[in-house]
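# Notes for the structure review
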Amino acid sequence: MLLNRCLLSPASSNSSTLNRRRTPKPGKPPILPPAKKVLYKVVHPPWMKPEDVKELLWRRHTYNNAVVSLRKVFKKEIEAKEAAGLGIEAQSEKDDLNELILENERRNNEAALKRERQEKEEYEKMKAEFLGYIEKKLSAQAQNAKERTVEVKKMIEESQNFVTKENMDEKLKEALENPVVFDYCIDLHGNKFYDPLPMKYVEGTPTRQKSRAFDRSLVRPRNIEKPPPASAAM
Amino acid sequence: MRQLINPKTFGRPSIGLALFGCTNRPFYHICIFPDRSLGRRFEGNIIEQVGTFDPLPNAKNEKLVSMNIERLKYWIGKRNAQISVPVLELLGLSGLFPIHPKAYIRAKDQRETLAQQVAALQIAAETPAPPEETEKNPES
């Protein structure tokens with residue numbers, strides 16, 4: 001409990017802001033008796049001079065008359081001012097209006113600044129995006145072009161060996177002259193075994209059996225071609 | 001029993017001097033207070049402050065008074081406020097109101113006392129004249 005009070009109360013000991021709960025009523029509490037100074041105090045004001053009293057009488061009457069008429073004059077003045085729109089309320093309303101207008105202007109300016117900043121940011125972002133797209137497209141196009149050129153060049157190279165109507169006869173002759181036979185098996189050393197041996201021109205009658213229904217490995221290999229040199233293997 | 005309020009005569013504010021300041025240094029604010037029957041005047045009771053009055057004279061021997069004439073006219077004319085005697089005297093001195101009768105009487109009394117003091121001083125100044133004359137005569 002002590003710790004909490006120490007933490008809550010301010011550092012200075014004479015703080016009148018926290019200890020006050022309610023403003024007390026003015027004057028003495030009615031239950032207390034009057035003070036000794038005031039008790040039995042009788043005031044004897046001094047007598048005024050008779051000429052002063054006579055003067056005061058007519059002066060008082062004129063003064064009161066003057067005050068009453070002045071009240072009426074002031075009332076008329078204030079009413080005229082209020083009717084003309086110069087009254088206190090009209091003034092305060094004008095002040096309020098001016099203040100509100102100023103605040104509105106301020107808010108508008110702030111909003112305009114913010115809008116400008118945002119628009120600039122968005123513009124930059126959009127620009128970057130579009131540039132990215134363009135770049136991507138261009139790079140894709142360039143890549144495509146490169147690949148296609150490579151392809152076309154390869155094709156051009158390959159077209160040297162294409163068969164056309166003019167080359168057909170020579171190519172046919174060449175093909176017939178150099179037949180390629182893939183009907184071989186190969187062992188780990190690189191020896192190729194052709195069975196049957198490839199023949200350019202068919203001599204005699206070909207065998208009736210053409211498939212591999214029986215296991216050739218059981219038969220002693222008869223046709224062995226010399227393996228190619230080790231450097232040109234595979 | 002608390003002060004009973006008469007609804008027929010209720011609702012007239014009063015303009016008076018409110019004492020502020022500290023010990024040996026009074027300072028008055030000319031304030032508008034609500035009806036007298038609502039309790040004696042204290043700081044929380046003030047409706048509006050309409051001026052100031054410094055009773056202690058400054059270095060140039062002036063007692064400074066400030067007044068918001070527009071608001072005073074409003075309260076006196078429109079709202080028909082009662083004005084206390086010191087404030088009436090100040091208004092008379094300022095020129096908005098005629099001079100208060102009390103001020104005339106006080107001024108007359110002060111003039112008389114001043115005249116008496118001046119006469120007494122003159123008499124006091126004239127009394128040692130005869131011994132001075134006898135001294136001067138043998139010199140002249």
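Residues numbered from 1 in each chain as written. Chains lettered and ligands numbered in written order. Predicted model: local features only at pLDDT ≥ 70, side-chain atom pairs only at ≥ 80, totals over all residues. Heavy atoms only, no water.

Rules: UniProt positions are given in the numbering used here, feature names are shortened, and annotations may be inferred rather than shown by experiment.
Going by the annotation in an unreviewed UniProt entry, the name recorded for chain B is Small ribosomal subunit protein bS16m, with Panagrolaimus davidi given as the source organism. As its UniProt record puts it under Sequence similarities (unreviewed entry), chain B is described as follows: "Belongs to the bacterial ribosomal protein bS16 family." The UniProt entry for chain B carries this comment under Subcellular location (unreviewed entry): "Mitochondrion".

By the naming in an unreviewed UniProt entry, chain A goes by Small ribosomal subunit protein mS26 and is assigned to Panagrolaimus davidi. Looking at chain A in UniProt, the text filed under Subcellular location (unreviewed entry) is "Mitochondrion".

### Focus: the interface of chain B and chain A
The criterion, for reference: Only heavy atoms matter for contacts: two residues are in contact if any of them lie within 4.5 Å across the pair. Here the quantity called buried area is the total loss of accessible area, with a 1.4 Å probe, experienced by two parts when brought into contact, counted for both. Each reported salt bridge corresponds to a side-chain nitrogen of Lys or Arg within 4 Å of a carboxyl oxygen of Asp or Glu. What qualifies as a polar contact is a pair of N or O atoms within 3.5 Å, subject to a donor-acceptor requirement within protein and to the restriction that residues adjacent in sequence count only when both atoms come from side chains.
Facing 26 residues of chain B, the contacting portion of chain A comprises 23 residues. Here chain B packs against chain A, burying approximately 2,200 Å² in sum over the two surfaces, 64% of which is carbon and sulfur. In this structure, the connection of chain B to chain A is made through seven salt bridges. The tally of links from chain B across to chain A stands at seven residue pairs in polar contact (both at pLDDT 80 or more).

### A few points about the pattern of salt bridges
All names here are of chain A. Put simply, the rule is: Runs of H or I in DSSP of at least four residues are treated as helices and runs of E of at least two as strands, each being numbered from the N terminus. Here's how the labels work: a residue is buried when its accessible area is under 20% of the maximum for its type, exposed when over 50%, partly exposed in between, all with a 1.4 Å probe on protein chains only.
Counting across every chain of the model gives 14 salt bridges over all chains. Between E55 and R59 there is a salt bridge; the shortest N-O distance is 2.9 Å. Residue E55 and its partner R59 are located together in helix 3 (residues 50-84), separated by four residues, close to a single helical turn. Taking the relative accessible area as the measure of exposure, E55 reaches 15% and is therefore buried. The class of R59 is buried, set by a relative accessible area of 17%. Close ionic contact of R148 with E151 constitutes a salt bridge, the shortest N to O distance being 2.7 Å.

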